[in-house]
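Report on the structure
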Amino acid sequence: MSRAYAIYDVFTANALKGNPLAVVFDGSGLSDESMQTIAGEFNLSETVFVLPADNPAHTAQLRIFTPGRELPFAGHPTVGAAIALAERQSPGASIDLVSMLEEKIGPVRAAVRLAAGEISFAEFDLPRLSEEIPAEFDIQAVADALCLSAGDIGFENHRLSLWSAGVPFVMVPVSGLSAAAAVRFDPKLWTKAVPSGACYLYCRGGEDHRASFHARMFAPDMGIVEDPATGGAVAAMSGAIHHFDGLTDGRHALFIEQGVEMGRTSHIHLHIDTEAGRVIRARIGGQAVKLAAGEIFL
């Protein structure tokens, strides 16, 4: 049988930028092994398979795979799939839609804005707020894995830490844009220094004057050499930002750029709502551009 799919570039308004995503619109009848194999065939950061929702009131169920393994939750597949499903349902329309997407982590609420002749935008509420996972790190070992000096690790109050909003990421603050650009990631040294957890490296500012932070992501355990945009890591980062920057109560709009060093600049919108000294809500959003469409004959 044939199964329709589309390729979207996510967290960008420009084709061939951002993070590419394969959306397979009918995953029914595919085994876990088949989904993993197809994800390996696409060899993108993630491939998402759409299935009927368990709850008939929800829009769809999503299965998310990297080339190496399945994830319970990820940001760019959530944004990309929400937009892909909305555009498939209402082609050429100007409309705001709300989708409930079932992921392994639980239901994820996504709001989609379609506007005829414009690039679609989606934003989702974090299904799980970021939490710090106790961990200790050898700063020199981490620096060696990045081909940096130990003095490049950390800035202001920000230090090495481990956070998760569904998928754990090691938050690696570096001194600035020059340090971020100088990174040469060694997966063997990283795995030796950090037994589990992908690397999310960040610094303040960015090439774009709007950027609050500039980031890079490396995940050898997921089969990803470097990722152009990582919504799941930004979800985890929301906790680190609140913790280290001591955000005041209220609403905070942040703009994260990623993928610059790869030539695939991505723009990720992060909103953090705080109350009584804690994060009560966080949202991640971005645009996505349809690049290609076709069929899988399986």
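Check the entry above for the structure.
In short, a report on the structure. Every value quoted in this text rests on a predicted model; they were computed, and no experiment measured them.

Regarding the packing of aromatic side chains
- Applying the stated criterion across every chain yields a total of 7 aromatic pairs.
- The interplanar angle of 85 degrees and the centroid separation of 5.8 Å between the aromatic rings of Phe49 and Phe65 together place this pair among those described as edge-to-face. With a gap of 16 residues between them, Phe49 in strand S3 (residues 46-51) and Phe65 in strand S4 (residues 60-65) connect regions that are remote in the sequence. Assigned by exposure class, Phe49 and Phe65 land together as buried.
- With a centroid separation of 5.9 Å and 75 degrees between ring planes, the pair formed by Tyr202 and Phe213 is classed as edge-to-face. In this pair, Tyr202 sits in strand S12 (residues 198-204) while Phe213 sits in strand S13 (residues 213-219), placing the two residues 11 residues apart along the sequence.
- Classification of Tyr202 by relative accessible area gives buried; the value is 1%.
- Joined through ring pairs, the aromatic side chains of Phe155, Tyr202 and Phe213 make up one cluster.
- Lying over the aromatic face of Phe25, Arg88 brings its terminal NZ or CZ to 4.2 Å of the ring centre.

Notes on empty space enclosed by the protein
- Here the structure, examined in full by the defined rule, presents 1 cavity of 30 Å³ or more.
- By volume, the largest cavity is sized at about 90 Å³.
- In this structure, the largest cavity is lined by 16 residues; those nearest its centre are Glu46, Leu71, Ala74, Thr230 and Gly232.
- Put simply, the parts of the chain that give the lining of the largest cavity at least two residues each are helix H2 (75-89) and helix H6 (231-245).
- Take the lining of the largest cavity: its biggest share by element is 3 residues, from H2.
- In the lining of the largest cavity, the residues fall into 9 nonpolar, 5 polar and 2 charged.

A short note on unusual backbone geometry
- Despite not being glycine, Glu156 shows a phi value in the positive range, around 45 degrees.
- With respect to the secondary-structure elements, Glu156 resides in the loop between helix H3 (139-146) and strand S10 (161-164).
- The class of Glu156 is exposed, set by a relative accessible area of 62%.
- With a phi close to 55 degrees, Ala276 is a non-glycine residue in the positive phi region.
- The topology assignment puts Ala276 in the loop between strand S16 (266-275) and strand S17 (278-297).
- Residue classification places Ala276 among the exposed positions, given a relative accessible area of 66%.

Here is what the cut-offs are and how they apply
- Residues numbered from 1 in each chain as written.
- Predicted model: local features only at pLDDT ≥ 70, side-chain atom pairs only at ≥ 80, totals over all residues.
- Heavy atoms only, no water.
- Phe/Tyr/Trp six-rings, centres within 6.5 Å; stacked < 30°, edge-to-face > 60°.
- Helix = DSSP H or I, 4+ residues; strand = E, 2+ residues; numbered from the N terminus.
- Buried < 20%, exposed > 50% of the residue type's maximum accessible area, 1.4 Å probe, protein only.
- Lys NZ or Arg CZ within 6 Å of the ring centre and 35° of its normal.
- 1 Å grid on protein atoms, 1.4 Å probe; cavity = no way out; pocket = protein on both sides within 12 Å on 5 of 7 lines; lining within 4 Å.
- Points joined across faces, edges and corners; volume = space filled by probe spheres on them.
- Nonpolar A, V, L, I, M, F, W, Y, C, P; charged D, E, K, R; others polar.

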